[in-house]
Amino acid sequence: NAGVTQTPKFQVLKTGQSMTLQCAQDMNHNSMYWYRQDPGMGLRLIYYSASEGTTDKGEVPNGYNVSRLNKREFSLRLESAAPSQTSVYFCASTPSTGGYEQYFGPGTRLTVT
Amino acid sequence: GENVEQHPSTLSVQEGDSAVIKCTYSDSASNYFPWYKQELGKRPQLIIDIRSNVGEKKDQRIAVTLNKTAKHFSLHITETQPEDSAVYFCAASTNNNDMRFGAGTRLTVKP
């Protein structure tokens, strides 16, 4: 099992450009999440999907959109990138909602110039 | 929403000493408290977790304690080793998906 995979690993964008970060899991988990990690601020939840067909906002959703394409895949889209979105983005999954271990992907390091 | 504060932000100990990291949370409905370890350039990985119906949990050199009344929980690492050097994050969540993480503690274990 590959666990949680993310593409790309690195990306540089210019202000105003758009891109989609891809995430997939092969653990048959119901719930998937997108976090951003900035120095000194821990992990902040952007959006999550409790189950296939549902998505909800997290702590910092502004500037992002998500799509739960199927049970395996959950993508994060930046429509018009801004320098404030420079960060490391982690996707995670859990068997279900509530108190379960979050399995993280390897992360995507995004720089917006 | 939930607010999790973590202290200290950096911690340096001598190999073999103990390390303690403390977190407080604000939402009394929180009932799940995991701790994650993140090595440089790697993804966070769960090292131990505790639920609100338990006051303490231990796994070899790692232990977590929870005080629901005071709304704080702590990570204890005994007999620290250089490979324990990493950033540690606490988190708290309720039965929904709103898990909030602390800002992290950078632990350095000096040989």
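Residues numbered from 1 in each chain as written. Chains lettered and ligands numbered in written order. Predicted model: local features only at pLDDT ≥ 70, side-chain atom pairs only at ≥ 80, totals over all residues. Heavy atoms only, no water.

(A) Spatial organisation of the sheet that holds strand E8 (residues 74–78) of chain A. Residue and element names in this part refer to chain A. Pairing in this open sheet of four strands is antiparallel, and the strands run E1-E3-E8-E7 from one edge to the other. A single partner strand is all that each edge strand has here, and the edge strands are strand E1 (4–7) and strand E7 (64–68). Here the strands of the sheet are splayed against their neighbours by 20 degrees on average, with no regard to which way each runs. Sheet topology places strand E3 (residues 19–25) next to E8; three bridges connect them, and they run antiparallel. Residue pairing across strands places Thr20 opposite Arg77, the latter belonging to E8. (Pairing = 2+ DSSP bridges. Helix = DSSP H or I, 4+ residues; strand = E, 2+ residues; numbered from the N terminus. Axes fitted to C-alpha atoms, helices over the stretch in contact; angles between N-to-C directions.)

(B) Quick look at the state of the cysteines. Under the definition given, this model contains two disulfides over all chains. The side chain of A:Cys23 participates in a disulfide bridge whose partner is A:Cys91; the two sulfur atoms lie 1.8 Å from each other. In this structure the cystine formed by A:Cys23 and A:Cys91 twists about its S-S bond by roughly -70 degrees; its chirality is therefore left-handed. Linking A:Cys23 in strand E3 with A:Cys91 in strand E9 (residues 87–94), this pair joins segments that are 68 residues apart in sequence. Note on accessibility: A:Cys23 and A:Cys91 belong to one class, buried. The partner cysteine of B:Cys23 in its disulfide is B:Cys90, sulfur to sulfur 1.9 Å. Taking the sign of the S-S torsion, about -100 degrees here, the bridge from B:Cys23 to B:Cys90 comes out left-handed. In this pair, B:Cys23 sits in strand E3 (residues 19–25) while B:Cys90 sits in strand E9 (residues 86–92), placing the two residues 67 residues apart along the sequence. Grouping residues by exposure puts B:Cys23 and B:Cys90 together as buried. (Disulfide = S-S within 2.5 Å. Buried < 20%, exposed > 50% of the residue type's maximum accessible area, 1.4 Å probe, protein only.)

(C) Examining the interface of chain B and chain A more closely. Residue-level contacts link 18 residues of chain B with 23 residues of chain A. Across the interface of chain B and chain A, roughly 1,700 Å² is buried in total on both sides, 52% from carbon and sulfur atoms. Applying the counting rule to chain B against chain A returns one salt bridge. The shortest N-O distance in the salt bridge between A:Glu59 and B:Arg100 comes to 3.7 Å. Where chain B meets chain A, there are four residue pairs in polar contact (both at pLDDT 80 or more). Where the side of chain B that touches chain A is concerned, the elements lending two or more residues are strand E4 (32–38), strand E5 (45–51) and strand E10 (100–101) of chain B. (Contact = heavy atoms within 4.5 Å. Buried area = accessible area lost by both parts, 1.4 Å probe. Salt bridge = Lys/Arg side-chain N within 4 Å of Asp/Glu carboxyl O. Polar contact = N/O pair within 3.5 Å; in protein donor to acceptor, adjacent residues only side chain to side chain.)

(D) Up close: the packing of aromatic side chains. Counted according to the given criterion, the structure contains 13 aromatic pairs over all chains. Considering the side-chain rings of A:Tyr35 and B:Phe101, the 5.5 Å spacing of their centres and the 90 degrees angle between planes classify their relative orientation as edge-to-face. Remark: B:Phe101 occurs in strand E10 and A:Tyr35 occurs in strand E4 (residues 31–37); the pair is interchain, linking two chains. Of the two residues, A:Tyr35 and B:Phe101, neither departs from the other in class, the shared state being buried. Three or more aromatic residues joined by ring pairs make a cluster, and in this case those are A:Tyr33, A:Tyr35, A:Tyr48, A:Phe90, A:Phe104, B:Tyr36 and B:Phe101. (Phe/Tyr/Trp six-rings, centres within 6.5 Å; stacked < 30°, edge-to-face > 60°.)

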